[in-house]
Amino acid sequence: MAEVPHDIGCNNDECIKKDECKRNEIAKNNQAREIKKFGGTPEKGCGKFLEKK
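Reference entry: report on the structure contained in this document. Remember, it's a predicted structure, so these values are computed and weren't measured experimentally. (Residues numbered from 1 in each chain as written. Predicted model: local features only at pLDDT ≥ 70, side-chain atom pairs only at ≥ 80, totals over all residues. Heavy atoms only, no water.)

### Side note on the packing of aromatic side chains
The geometry of an aromatic ring pair is captured by two quantities: the separation of the ring centres and the angle between the planes. Per the stated rule, a full pass over the model turns up 0 aromatic pairs. Above the face of the Phe49 ring, Lys17 is positioned so that its terminal group lies 5.1 Å from the ring centre. (Phe/Tyr/Trp six-rings, centres within 6.5 Å; stacked < 30°, edge-to-face > 60°. Lys NZ or Arg CZ within 6 Å of the ring centre and 35° of its normal.)

### Topic: the environment of Lys36
If you trace the backbone, Lys36 turns up in strand 2 (residues 34–36). The class for Lys36 is partly exposed, based on a relative accessible area of 36%. Sequence separation of Lys36 and Arg23 is 13 residues, and the distance between their C-alpha atoms is 9.4 Å. Sequence-distant contacts of Lys36, that is, excluding residues within four places in its chain, are made with Ile8, Gly9, Cys10 and Asn11. (Helix = DSSP H or I, 4+ residues; strand = E, 2+ residues; numbered from the N terminus. Buried < 20%, exposed > 50% of the residue type's maximum accessible area, 1.4 Å probe, protein only. Contact = heavy atoms within 4.5 Å.)

### So, the pattern of salt bridges
Throughout the structure, instances matching the rule amount to 6 salt bridges. For Lys28, the salt bridge identified is with Asp13, shortest N-O distance 2.9 Å. Placement of Lys28 in helix 1 (residues 22–28) and of Asp13 in the loop between strand 1 (8–10) and helix 1 is noted, with a sequence separation of 15 residues between them. The class of Lys28 is partly exposed, set by a relative accessible area of 48%. In this structure, the salt-bridge partner of Lys36 is Glu34, at a minimum N-O distance of 3.7 Å. Put simply, Asp7, Arg33, Glu34 and Lys36 are held in one network by salt bridges that share partners. (Salt bridge = Lys/Arg side-chain N within 4 Å of Asp/Glu carboxyl O.)

### Considering the side chain of Asn12
As for its placement among the helices and strands, Asn12 is situated in the loop between strand 1 and helix 1. Looking at Asn12, the relative accessible area reads 2%, which means it is buried. Side-chain polar atoms of Asn12 contact the backbone nitrogen of Glu14, separated by 3.0 Å. At 3.4 Å, the side chain of Asn12 and the backbone nitrogen of Cys15 are in polar contact. (Polar contact = N/O pair within 3.5 Å; in protein donor to acceptor, adjacent residues only side chain to side chain.)

Take a look at the structure:
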(Lines give C-alpha, C1' and ligand atoms only; values in the text may rest on other atoms or scores of the structure.)
Protein backbone atom coordinates (compact mmCIF):
# COMPACT_ATOMS: atom_id res chain seq x y z
CA MET A 1 0.00 0.00 0.00
CA ALA A 2 1.21 3.51 -0.74
CA GLU A 3 2.35 5.72 2.10
CA VAL A 4 -0.41 8.09 3.22
CA PRO A 5 -0.47 10.71 5.99
CA HIS A 6 -3.41 9.04 7.70
CA ASP A 7 -5.27 5.81 7.17
CA ILE A 8 -8.82 7.20 7.35
CA GLY A 9 -10.17 8.48 4.05
CA CYS A 10 -13.27 10.53 3.35
CA ASN A 11 -15.79 10.09 0.53
CA ASN A 12 -17.84 13.25 1.12
CA ASP A 13 -18.50 14.51 -2.40
CA GLU A 14 -20.38 17.63 -1.26
CA CYS A 15 -17.56 19.11 0.83
CA ILE A 16 -16.23 22.39 -0.59
CA LYS A 17 -12.65 21.35 0.27
CA LYS A 18 -12.79 17.82 -1.19
CA ASP A 19 -10.47 18.60 -4.11
CA GLU A 20 -7.84 20.00 -1.72
CA CYS A 21 -8.11 17.23 0.89
CA LYS A 22 -5.72 14.29 1.21
CA ARG A 23 -8.44 12.21 2.92
CA ASN A 24 -10.64 12.42 -0.19
CA GLU A 25 -7.69 11.55 -2.43
CA ILE A 26 -6.76 8.40 -0.48
CA ALA A 27 -10.42 7.32 -0.43
CA LYS A 28 -10.71 7.72 -4.21
CA ASN A 29 -7.41 5.84 -4.75
CA ASN A 30 -8.47 2.96 -2.45
CA GLN A 31 -5.48 3.60 -0.17
CA ALA A 32 -7.45 4.05 3.06
CA ARG A 33 -7.80 1.39 5.75
CA GLU A 34 -11.14 2.93 6.67
CA ILE A 35 -13.42 5.36 4.82
CA LYS A 36 -15.81 7.74 6.55
CA LYS A 37 -17.91 10.68 5.50
CA PHE A 38 -16.94 13.71 7.54
CA GLY A 39 -19.13 16.80 8.00
CA GLY A 40 -18.05 19.13 5.20
CA THR A 41 -20.77 20.98 3.29
CA PRO A 42 -20.90 22.90 -0.01
CA GLU A 43 -20.21 26.05 2.07
CA LYS A 44 -17.45 24.82 4.43
CA GLY A 45 -14.93 22.07 5.09
CA CYS A 46 -14.89 19.74 8.08
CA GLY A 47 -12.56 19.68 11.08
CA LYS A 48 -10.71 16.59 9.75
CA PHE A 49 -9.30 18.28 6.63
CA LEU A 50 -5.75 17.26 5.60
CA GLU A 51 -4.17 19.52 2.99
CA LYS A 52 -2.66 17.84 -0.08
CA LYS A 53 1.05 18.46 -0.44
